[in-house]
Amino acid sequence: QVQLVESGGGLVQAGGSLRLSCAASGRTFSTNAMAWFRRAPGKEREFVATISWSGGSTYYADSVKDRFTISRDNAKNTVYLQMNRLKPEDTAVYYCAQGGTAYRTSVYESGFDYWGQGIQVTVSS
């Protein structure tokens, strides 16, 4: 059974930093893309960042480009999201997701078949 468990969320002031982690188990980690999505209050879930199976390719939403960095450690079955210069509009529940097809990268929810339970990130102004 695949499990994705996020950690590292919390409350931070605007301009601060947080690092989210997502530990995966139950399926081969190193062959599948990983991604972060988020859902802000009253909004649809949206794409944040994705990383290819090897870590060689990354893609970001325009709203987080140059502030957030996605990375992965295939030896630890873990994907990370380093969030810098946080803004109040980054407040959301953040979800990690695992790609459904080996060696394929996507920026769409349909490209991911397993999801974590989500973790709250709150940025105060």
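Section: the sheet that holds strand β1 (residues 3-7)
Right, so step 1: One open sheet accounts for four strands, arranged β1-β3-β8-β7; its pairing is antiparallel. One side of each edge strand has no neighbouring strand; the edge strands of this open sheet are β1 and β7 (68-73). Strand-to-strand twist in this sheet, taken as the mean axis angle between neighbours without regard to direction, amounts to 15°.

Overview of the pairing of β7
Right, so step 1: By the alternation rule, side chains of β7 split into F68, I70 and R72, which are all buried, and T69, S71 and D73, of which none is buried.
Right, so step 2: One ladder, built from six bridges, connects β7 with strand β8 (residues 78-83); its direction is antiparallel. Paired with I70 across the bridge in β8 is L81.

Some words on the pairing of strand β11 (residues 119-124)
Right, so step 1: Only one face of β11 is buried: it carries I119, V121 and V123, and the other face, with Q120, T122 and S124, is open.
Right, so step 2: Of the strand pairs in this sheet, strand β2 (residues 10-13) and β11 are connected by four bridges, and their pairing is parallel. Within β11, the residue paired with G10 across the bridge is V121.
Right, so step 3: Bridge count between strand β9 (residues 92-99) and β11: three bridges; the pairing is antiparallel. From the neighbouring strand, A92 faces β11, where its bridge partner is V121.

Concerning the side chain of S106
Right, so step 1: With respect to the helices, strands and loops of the structure, S106 is situated in the loop between β9 and β10 (112-115).
Right, so step 2: Within polar-contact distance, the side chain of S106 engages the backbone nitrogen of Y108 at 3.0 Å.
Right, so step 3: Every residue in contact with S106, bar those within four places of it in the chain, is listed here: T50, G111 and F112.

A few points about the environment of E6
Right, so step 1: Relative to the elements of secondary structure, E6 occurs in strand β1.
Right, so step 2: For E6 and Y94, which are 88 residues apart along the polypeptide, the C-alpha to C-alpha distance reads 8.4 Å.
Right, so step 3: Ignoring anything within four residues of it in the chain, the contact list for E6 reads S21, C22, W36, Y94, Y95, C96, G116, Q117, G118 and I119.
Right, so step 4: Looking at E6, its side chain comes within polar contact range of the main-chain nitrogen of C96, at 2.9 Å.
Right, so step 5: Within the structure, the side chain of E6 is placed 3.2 Å from the backbone nitrogen of Q117, a separation counted as a polar contact.

Digging into the pattern of salt bridges
Right, so step 1: This model, assessed by the stated rule, comprises six salt bridges.
Right, so step 2: The closest approach of N and O atoms between R27 and D113, which form a salt bridge, is 3.0 Å. Placement of the pair is R27 in the loop between β3 (18-25) and β4 (34-39) and D113 in strand β10, with a sequence separation of 86 residues.
Right, so step 3: Put simply, D90 and R38 hold a salt bridge, and the shortest N to O gap is 3.0 Å.

A word on the environment of L20
Right, so step 1: Residue position: L20 is located in strand β3.
Right, so step 2: Its relative accessible area of 0% is what places L20 among the buried residues.
Right, so step 3: It is 8.3 Å that separates the C-alpha atoms of L20 and V79, two residues lying 59 residues apart in sequence.
Right, so step 4: Excluding anything up to four places from it in sequence, L20 contacts S7, G8, G9, W36, V79, Y80, L81, M83, Y94, I119 and V121.

The rules behind each value
Residues numbered from 1 in each chain as written. Predicted model: local features only at pLDDT ≥ 70, side-chain atom pairs only at ≥ 80, totals over all residues. Heavy atoms only, no water. Pairing = 2+ DSSP bridges. Helix = DSSP H or I, 4+ residues; strand = E, 2+ residues; numbered from the N terminus. Axes fitted to C-alpha atoms, helices over the stretch in contact; angles between N-to-C directions. Buried < 20%, exposed > 50% of the residue type's maximum accessible area, 1.4 Å probe, protein only. Polar contact = N/O pair within 3.5 Å; in protein donor to acceptor, adjacent residues only side chain to side chain. Contact = heavy atoms within 4.5 Å. Salt bridge = Lys/Arg side-chain N within 4 Å of Asp/Glu carboxyl O.

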